[in-house]
Amino acid sequence: MRRSKRLRIAPDRLFSYTGVMLLTAVLVNWGTGFTNFAHSLTLPSMEVDLEISHTKAGFVITLMAMVRMGSTFISGTLAPRYGSRFIIGVGALGAGGAMILLGFAQTYPLVLLSAALMGLGSGTSLTPMMGLLSRWFQTGDRGLAAGLAATGGSFAFIFAGVVVPWLVGRNADDGWRHAWFLFGVLAIGIGSAALLLVRERPAS
């Protein structure tokens, strides 16, 4: 009589270092998710403040997405050479720094530079983080683990959807800048945590 398969992502595993890795992956998805979901909320205020057109504003998102897509190929090459922990941490730190830079931006070229750096940092950190989970979970559990990790992006969407309107409502001129300052600080904190917590592979 065949035994039924038991779900291995159980409390005893989640309270081990495997759980720490999964939580770190959720946080990395959260911190990098602001690059995808916060732009659409802050662009209307940015257009007014920086006096840019809808076309230029749209190109900001396009540039960020293009660089992010390209950086996924770069990170796949760099991670085996320099270690996933280093690439994940530095990528998240870079994305956070770019968010803060965007908050300080006074010109359109600086906005574009910030968007490009955000795309580079987020793509560089997210790809090896998701790939690293395959070493920590058995084959049948990897899809579930990846799905749980991806919920971090949903948290970013919800968090930005609550925070940005509140900050813009309190300060119509600089609320969008304060939002990016906050997102940047969170991403930098997550990048620092990744440098401390991420491990390349389980001990056994």
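Here's what I pulled together on the structure shown here.

1. Some points on the overall build of the chain
Per the secondary structure count, the chain includes 8 helices and 0 strands. When its helices and strands are written in sequence order, the chain yields α-α-α-α-α-α-α-α. The C-alpha atoms of the chain give a radius of gyration of 18 Å, which matches the 17 Å a tight globule of 204 residues would have. With the C-alpha coordinates aligned to their principal axes, the bounding extent of the chain is approximately 70 × 35 × 30 Å. In the chain, which comprises 204 residues, the share counted as buried stands at 44%.

2. Describing the environment of Gly 76
You can see Gly 76 is positioned in helix α4 (residues 54-82). Taking relative accessible area as the criterion, Gly 76 reaches 44% and is therefore assigned partly exposed.

3. Points about unusual backbone geometry
Unusually for a residue other than glycine, Glu 51 sits at a positive phi of about 55°. If you trace the backbone, Glu 51 turns up in the loop between α3 (39-50) and α4. Given a relative accessible area of 72%, Glu 51 falls into the exposed group.

4. Details of the layout of surface pockets
Volume-wise, the largest pocket comes out at about 150 Å³. In this structure, the largest pocket is lined by Phe 86, Ile 87, Val 90, Gly 91, Gly 94, Leu 117, Leu 120, Gly 121 and Thr 124. Of all the secondary structure elements, the ones that give two or more residues to the lining of the largest pocket are α5 (84-104) and α6 (108-136). Broken down by class, the residue content of the lining of the largest pocket amounts to 5 nonpolar, 4 polar and no charged.

5. Here's the deal with the packing of α5 against helix α8 (residues 175-197)
Helix-helix packing is characterised by the crossing angle of the two axes and by the distance between the axes. Across the interface, α5 lies against α8 with an axial gap of 7 Å and an inter-helix angle of 165°. With respect to each other, α5 and α8 are oriented roughly antiparallel. Relative to α8, α5 is oriented so that their crossing is left-handed. Taken together, the residues of the contact of α5 with α8 sort by class into 18 nonpolar, 7 polar and 2 charged.

Rules used in this analysis
- Numbers given to residues run from 1 along each chain, matching the order in which its sequence is written.
- The model is predicted, so local features are restricted to residues of pLDDT at least 70 and side-chain atom pairs to those at 80 or more, both for listing and for counting; the totals for chains, interfaces and linings are taken over all residues.
- Only heavy atoms go into the side-chain values, all of them from the structure, while hydrogens and water stay out.
- Every helix listed is a DSSP run of H or I at least four residues long, and every strand listed is a run of E at least two residues long, numbered separately from the N terminus.
- For the radius of gyration, the atom set is restricted to C-alpha positions; the globular benchmark scales as 2.2 Å times the number of residues to the power 0.38.
- Under the scheme applied here, a residue whose accessible area is under 20% of the maximum for its type counts as buried, over 50% as exposed, and between as partly exposed, the area being computed with a 1.4 Å probe on protein chains only.
- A cavity here means a set of 1 Å grid points, computed over protein atoms only, where a 1.4 Å probe fits but cannot escape. A pocket is an open set with protein on both sides within 12 Å along at least 5 of 7 lines, and lining residues have an atom within 4 Å of a point.
- Grid points are joined across faces, edges and corners, and a volume is the space filled by probe spheres set on the points.
- For this classification, Asp, Glu, Lys and Arg are treated as charged, while Ala, Val, Leu, Ile, Met, Phe, Trp, Tyr, Cys and Pro are nonpolar and the rest, including Gly, are polar.
- Axis definition: a line fitted to C-alpha atoms, over the contacting stretch in the case of helices. Angles run 0 to 180 degrees between N-to-C directions.
- Here is the rule for angles: anything less than 35 degrees is roughly parallel, anything more than 145 is roughly antiparallel, 65 through 115 is roughly perpendicular, and the remaining ranges are oblique.
- Left-handed is the label given to a crossing in which the near helix is rotated counterclockwise from the far helix by less than a right angle, and right-handed is the label when the rotation is clockwise.

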